Structure formats: C-alpha cells, structure tokens
Amino acid sequence: MIRYSKIIVFILCLWPLVIISLNIYYNELGAEPVKKIMNHFGEWTLIFICLTLAMSPLKRFTNLAFWTKFRRMLGLFVFFYATIHLLTYIGLDYRFDWQPIFNDVLKKKFIFIGFSAWLLLIPLAATSSQKMINLLKQNWKKLHRIVYIIAIFGALHYIWLSKTIFFKPLIYSVIIVVLLILRIRIKTRKFNYE
Ligand code: HEM
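A. Inspection of the site of the ligand at higher detail. Within the structure, the ligand sits among 22 residues, and Asn39, Gly42, Gly114, Ala117 and Gly154 are positioned closest to it. Those elements that place two or more of their residues in the shell around the ligand are helix 3 (33–62), helix 4 (71–93), helix 6 (109–126) and helix 9 (146–162). Element by element, the count of residues in the shell around the ligand is highest for helix 3, at eight residues. Grouping the constituent residues of the shell around the ligand by class yields 13 nonpolar, seven polar and two charged.

B. Focus on the environment of leucine 120. The topology assignment puts leucine 120 in helix 6. Assessed through the 14 C-beta atoms surrounding it within 10 Å, leucine 120 is described here as partly exposed. Along the primary structure leucine 120 and phenylalanine 153 are separated by 33 residues, whereas in three dimensions their C-alpha atoms are 10.0 Å apart. Here leucine 120 is in contact with Ile146, Ile149 and Ile150, once residues within four sequence places are set aside.

C. A look at the packing of helix 6 against helix 9. Running from amino to carboxyl end, helix 6 crosses helix 9 at an angle of 155°, the nearest separation of the two axes being 8 Å. If you check the angle between helix 6 and helix 9, you find them roughly antiparallel. Note that helix 6 runs across helix 9; the crossing there is left-handed. Taking contact as the criterion, the partners of Lys109, Phe110, Ile113, Gly114, Ser116, Ala117, Leu120, Leu121 and Leu124 in helix 6 are, on helix 9, Ile146, Val147, Ile149, Ile150, Phe153, Gly154, Leu156, His157, Trp160 and Leu161. Of the residues contributing to the contact of helix 6 with helix 9, the split by class is 14 nonpolar, four polar and one charged.

D. Focus on the nonpolar core. Residues Phe48, Ile49, Val78, Tyr81, Leu121, Ile150 and Ala151 are the most contacted members of the largest nonpolar core, which totals 31 residues. When residues of this core are traced back to their parent elements, those giving at least two are helix 3, helix 4, helix 6, helix 9 and helix 10 (168–193). The biggest single contributor to this core is helix 3, with nine residues. Once you skip the residues sitting within four places of it in the chain, isoleucine 49 turns out to touch Val78, Ile150, Ala151 and Gly154.

E. Region of interest: the packing of helix 4 against helix 6. Across the interface, helix 4 lies against helix 6 with an axial gap of 10 Å and an inter-helix angle of 140°. What the angle tells us is that helix 4 and helix 6 run oblique. The way helix 4 lies across helix 6 gives a crossing that is left-handed. Note on element contacts: helix 6 touches helix 4 through Trp118, Leu121, Leu124 and Ala125, opposite Gly75, Leu76, Val78, Phe79, Ala82 and Leu86. Of the residues that constitute the contact of helix 4 with helix 6, the class distribution is nine nonpolar, one polar and no charged.

Reading the values: rules and limits
Residues numbered from 1 in each chain as written. Predicted model: local features only at pLDDT ≥ 70, side-chain atom pairs only at ≥ 80, totals over all residues. Near = placed C-beta within 6 Å. Helix = DSSP H or I, 4+ residues; strand = E, 2+ residues; numbered from the N terminus. Nonpolar A, V, L, I, M, F, W, Y, C, P; charged D, E, K, R; others polar. Buried ≥ 20, exposed ≤ 12 C-beta atoms within 10 Å, placed from the backbone. Contact = placed C-beta atoms within 7 Å. Axes fitted to C-alpha atoms, helices over the stretch in contact; angles between N-to-C directions. Parallel < 35°, antiparallel > 145°, perpendicular 65-115°, else oblique. Left-handed = near helix turned anticlockwise from the far one by under 90°. Core = buried A, V, L, I, M, F, W, Y, C linked by C-beta atoms within 7 Å.

Structural data, given as structure tokens:
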C-alpha cells in the first residue's frame, strides 16, 4: 500500500479538476461560470496550502515519517492550482486585456496580494527537484520557508476579496495560524535538542 501511496495521493489531488470538468460537462456552473471556476481553483489553492503545511505536524503527531513523502507533490499542486486560478482570471475574466489587469494588480489590494503570493510560489516550484535540493543544501530549507508567507498572503487575499472575515475566510485563517504555530513549535523543539 505504502508503495502505491504516492500514486494514490497524486490521483486524489486531481479531484478539483474532476469536479470542475463534471460541472462544465453537465452545464452546472450557474449564472456566473467564470467566477465559479475562478473561486473553485482559488479555494483549492488555499486547501492545498493547508495540506502542505499539515504534513510535518502529522508526522510528529502520528510518529510516521511517511507523511512528509507527499509534501513536495502537494506543494507543486499548490502552484498548479494557483496558476490555473490566475489563468482563469487573465484569460477567461479579462480575455488577456493587459491594461485593466495591471490596474487591478496596482489598485485592488486583494489582487496585489494574491499576485504576490503566486510570484512567491515560482522560486519554490522551480527549486522543488532533488537536484535543486542537493545544489542549494541548507539554503533550500531557508528558501522554502517562503511558504509561510504565501499561506498568510493567501488568507489575507481571501479576507480582503470577501470584504469580511466571516465565515469561510475565518475558518481558513484559523487553520493556517494553527498550522504555522505547530510548525514553529516543531522547529523550536528541534533547535533546543540540537
Ligand atoms: C496563492 C495564491 C492564491 C490563493 C491561495 C487564492 C485564493 C483565492 C480564494 C480562496 C478565492 C475565493 C474563493 C471563493 O470565494 O470560494 C479567490 C478568489 C479570487 N482570486 Fe485568488 N488566490 C490566489 C492568487 C490569485 C491571483 C494571482 C489572482 C489574480 C491576479 C487572484 C484573483 C482572484 C479573483 C479575481 C478572485 C475572485 C474574486 C471575486 O469573487 O470576485 N487570486 N482566490
């Protein structure tokens, strides 16, 4: 089972694509299809950020190293879904009309922070291979701590676009804060033992 776990997790990670494809096929996207697709991938990006952050605490609580095997794959899915989310906004919402897109990025703070989060994901995705881990050594870990900033930016993006923290943005923000506290505690313990 463990041998096949990565393949199983990979297939499960494609679930958001399956749901939206079924919605498109059965014409169930509602009155605002573009908004529905965009929000769908935005929310799944945030879910994958939470899942990625949850792997180390799960390893600690269950005493099973196997959770961290999925961290890299989940992180790449964050980038994958964030990119589809961005492309939906650029391609379907604005039909590649760059001027209003630039105005949005500069004038709307929720777009600015979402775009910043996506930009920060690029170096993480680009350095996710084993070759880059070997090449960057300790700097790789330092670089990949950017994921904490990305998580905070993602939560802020959701709060600001919703114009209220109630209710889903609050749930995701609490989950992210708890996961960040757990990660910091794991790091501090490691540091104290060293
Ligand atoms: C890590 C990166 C990002 C995360 C985690 C994220 C997350 C989200 C979430 C959770 C939603 C709302 C979903 C819902 O209401 O169900 C959303 C909506 C949206 N996001 Fe993002 N997003 C990210 C990046 C971006 C980028 C790069 C852009 C564009 C430059 C963007 C533009 C939008 C827009 C326009 C909406 C819809 C707002 C509306 O309802 O009118 N996001 N995003």
